Amino acid sequence: MPSLVIPASLLPLDGRFGSGPSRVRPAQLEHLVANAHLLGTSHRQAPVKDLVGRVLEGLADFFRLPAGYEVVFGNGGSTAFWNIAAAGLAKNRSAHLSCGEFSAKCAQAHTTPWLEAPHVITSEPGTLGELAAIAGVDIYAWAHNETSTGVAAGVRRIAGVDAGALMVVDATSAAGGIDFDANEVDAYYFAPQKNFASDGGLWFALLSPQAIERASEISQSDRYIPEFLSLQAAIDNSRLNQTLNTPALTTLLLMEAQLDWMRSIGGLSATAAHCTQTSNLLYSWAESKDTITPFVSNPAHRSPVVVTLDLDASLDASALTQVLRDNGIVDTEPYRKLGRNQIRIATFAGVPLDDVEKLTSSIDYVLERL
Ligand SMILES: *Cc1c(COP(=O)(O)O)cnc(C)c1O
């Protein structure tokens, strides 16, 4: 029995508000069951390769991919892509915006014996620094959305960089929820367990012709690159609708269903507008109260997909999230290492406005009684 029972009329239909993994819609599970005959079959044969082809082409369409760009994928999630970029995209030196756990890990992954020490602009959690051109840097890396803090950055080429320098963006939690122009980036990578509402385990990257060229150039150099981390191998395999080793077919099927649904409701501009609307509902709800404040003080940097809200000292965020959890509303806890009196709510593409409204009613109900 929960310590405090939230009336059923106030509860969201689906209580999953995690920032990844995120809720899977029932229609995705139906798609999985309808295609169950693919499970347990070879990823080197046409039925699975066709599935891969549909997902890669669907992504190219969804992201309005410019001519010459390719969608590449592989096993290992976004974390693997950090090492892949350090091994196969960075030539001599990288530069980073570090504003939270994920962007810091990306910078750390570029601290290697074969690269010069990265140039890192670090900002306090909840804020965003600014990355400017630096001579000698050949890849610039930042997160489109820093999931640990709920800070969103723009996707725009940095002016004045060395010729051929690449823009590399971690879009794990942003992809599908924030609109952008792919011409402004050379590698836009993500994993499917956030806006795409699938399981984890894969990474996808939109690569520009310059990024593909860089991968080829480095793969022909004398740098040692483990095959599993070879971007060139991933490019070659993706062109054949396959991965170096076995991918998770369930992940691909759940992703296909979500991607098709996102395209059917109007594509990236529509899903991004939805995320803006649902997150704004939460930010305004918070701002209407004396005891709750958006963690990201600059409204221009507030994420439309991961809403972080600070509670004042009179309220206990961990007691709140525990009561919510007891009532089936899960994963509203803040990023564990941030250690703040905070809640964090994902407003990804698949989270309906109605559920977010209900969530605020549930929280109001609990806070009045805690
Ligand atoms: C979730 C997340 C990651 C980690 O993704 P994995 O697939 O678990 O490796 C990396 N970067 C950002 C911005 C994320 O939100």
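The model shown is predicted, which means the values in this text are computed figures rather than measured ones. (Residues numbered from 1 in each chain as written. Predicted model: local features only at pLDDT ≥ 70, side-chain atom pairs only at ≥ 80, totals over all residues. Heavy atoms only, no water.)

Draft legend 1. Fine view of the overall build of the protein chain. A count of helical and extended segments in the protein chain gives 10 helices and 12 strands. For the protein chain, whose C-alpha radius of gyration is 21 Å, the value lies close to the compact-globule estimate of 21 Å for 370 residues. Going through the 370 residues of the protein chain one by one, you find that 57% of them count as buried. For the protein chain, the distance from the average position of its 26 positive side-chain charges to the average position of its 39 negative side-chain charges is 2 Å. (Helix = DSSP H or I, 4+ residues; strand = E, 2+ residues; numbered from the N terminus. Rg over C-alpha atoms; globule rule 2.2 N^0.38 Å. Buried < 20%, exposed > 50% of the residue type's maximum accessible area, 1.4 Å probe, protein only. Lys, Arg positive; Asp, Glu negative; His and termini not counted. Charge placed at Lys NZ, Arg CZ, Asp CG, Glu CD.)

Draft legend 2. Broad picture of the nonpolar core. Residues Leu-59, Phe-63, Tyr-140, Tyr-188, Phe-190, Phe-196 and Phe-204 are the most contacted members of the largest nonpolar core, which totals 83 residues. Here this core gathers at least three residues from each of two domains, domain 1 (8-24 + 267-367) and domain 2 (27-263). Sequence-distant contacts of Tyr-188, defined by excluding residues within four places in its chain, comprise Phe-63, His-144, Val-155, Val-169, Ala-171, Ala-174, Ala-175, Ile-178, Phe-180, Phe-204, Ala-205 and Leu-206. Counting 27 residues, the second-largest nonpolar core is a separate cluster that includes Trp-82, Ala-90, Leu-166 and Leu-207. (Core = buried A, V, L, I, M, F, W, Y, C linked by side-chain atoms within 4.5 Å. Domains from an automatic or database assignment. Contact = heavy atoms within 4.5 Å.)

Draft legend 3. Seen up close, the pattern of salt bridges. Taken as a whole and assessed by the stated rule, the structure comprises 18 salt bridges. For the salt bridge of Arg-64 with Asp-179, the shortest nitrogen-to-oxygen distance reads 2.4 Å. With Arg-64 in the loop between α2 (46-62) and β1 (70-75) and Asp-179 in the loop between β7 (166-170) and β8 (187-190), the pair connects residues that are 115 residues apart, well separated along the chain. The class for Arg-64 is partly exposed, based on a relative accessible area of 44%. (Salt bridge = Lys/Arg side-chain N within 4 Å of Asp/Glu carboxyl O.)

Draft legend 4. Region of the structure containing α2. Across its 17 residues, α2 extends 23 Å between first and last C-alpha, which sits within 8% of the 24 Å expected from 1.5 Å per residue. Listed as buried for α2 are Val-48, Leu-51, Val-52, Gly-53, Val-55, Leu-56, Gly-58, Leu-59 and Phe-62. Where α2 is buried, its residues contact β1, β8, β9 (202-207), α6 (231-239), α7 (249-264) and α8 (267-287). Two residues or fewer past α2, Arg-64 is found with a positive phi of approximately 45°. (Expected span 1.5 Å × (residues − 1).)

Draft legend 5. The arrangement of the site of the ligand in detail. Neighbouring the ligand are 13 residues, the closest being Thr-79, Thr-147, Asp-170, Gln-193 and Lys-194. Between an oxygen atom of the ligand and a side-chain N or O atom of Thr-79, the distance comes to 2.6 Å. Contact distances for the ligand include 3.4 Å between a nitrogen atom and a side-chain N or O atom of Thr-172. In the complex, 87% of the free accessible area of the ligand, which totals 390 Å², lies under the protein chains. Looking at side-chain class alone, the shell around the ligand contains 3 nonpolar, 8 polar and 2 charged residues. (Near = heavy atom within 4 Å. Polar contact = N/O pair within 3.5 Å; in protein donor to acceptor, adjacent residues only side chain to side chain. Areas by Shrake-Rupley, 256 points an atom, 1.4 Å probe, with all protein chains shown as cover. Nonpolar A, V, L, I, M, F, W, Y, C, P; charged D, E, K, R; others polar.)

Draft legend 6. Fine view of the state of the cysteines. Inspection of every chain in the model, using the stated rule, returns 0 disulfides. For Cys-275, which is in no disulfide, the shortest distance to another cysteine sulfur is to Cys-99 and amounts to 19 Å. (Disulfide = S-S within 2.5 Å.)

Draft legend 7. Seen up close, the packing of helix α5 (residues 209-219) against α6. At a minimum axis distance of 8 Å, the contact between α5 and α6 shows a crossing angle of 125°. Classified by the angle their axes make, α5 and α6 are oblique. From α5, Ile-212, Ala-215, Ser-216 and Ser-219 reach across to α6, where they touch Leu-231, Gln-232, Ile-235 and Arg-239. Of the residues assigned to the contact of α5 with α6, the class counts are 4 nonpolar, 3 polar and 1 charged. (Axes fitted to C-alpha atoms, helices over the stretch in contact; angles between N-to-C directions. Parallel < 35°, antiparallel > 145°, perpendicular 65-115°, else oblique.)

Draft legend 8. Inspection of the sheet that holds β1 at higher detail. Pairing in this open sheet of 7 strands is mixed, and the strands run β1-β9-β8-β7-β4-β2-β3 from one edge to the other. Two strands close off the open sheet at either side, each with one partner strand: β1 and β3 (119-122). Put simply, the sheet's adjacent strands are angled 15° from each other on average, direction ignored. Pairing analysis gives 6 bridges linking β1 to β9, with the strands arranged antiparallel. In the strand pairing of β9, Val-71 is matched with Leu-206. Along the sheet, helix α4 (residues 101-109) contacts β2 (94-98), β3, β4 (139-143), β7 and β8; its crossing angle with β2, the most-contacted strand, is approximately 160°. (Pairing = 2+ DSSP bridges.)

Draft legend 9. Just the pairing of β9, in detail. Of all 6 residues in β9, 6 are buried; the element is thus mostly enclosed. The two faces of β9 match: Leu-202, Phe-204 and Leu-206 on one face and Trp-203, Ala-205 and Leu-207 on the other face are all buried. Bridge analysis of β8 against β9 gives 4 bridges, and the strand direction is antiparallel. By the bridge assignment for β9, Tyr-188 is matched with Leu-206.

Draft legend 10. Molecular detail of the pairing of β2. Of all the 5 residues making up β2, 5 are buried; the element is thus mostly covered by neighbouring parts of the structure. By the alternation rule, side chains of β2 split into Ser-94, His-96 and Ser-98 and Ala-95 and Leu-97, which are all buried. With 4 bridges connecting them, β2 and β3 associate as parallel partners. Bridging from a neighbouring strand, Leu-97 pairs with Ile-121 of β3. Assessed by its sense of winding, the connection that carries the chain from β2 through α4 to β3 is right-handed. (Right-handed = clockwise from strand over helix to strand, strands pointing away.)

None of this, on its own, says anything about what the molecule does.
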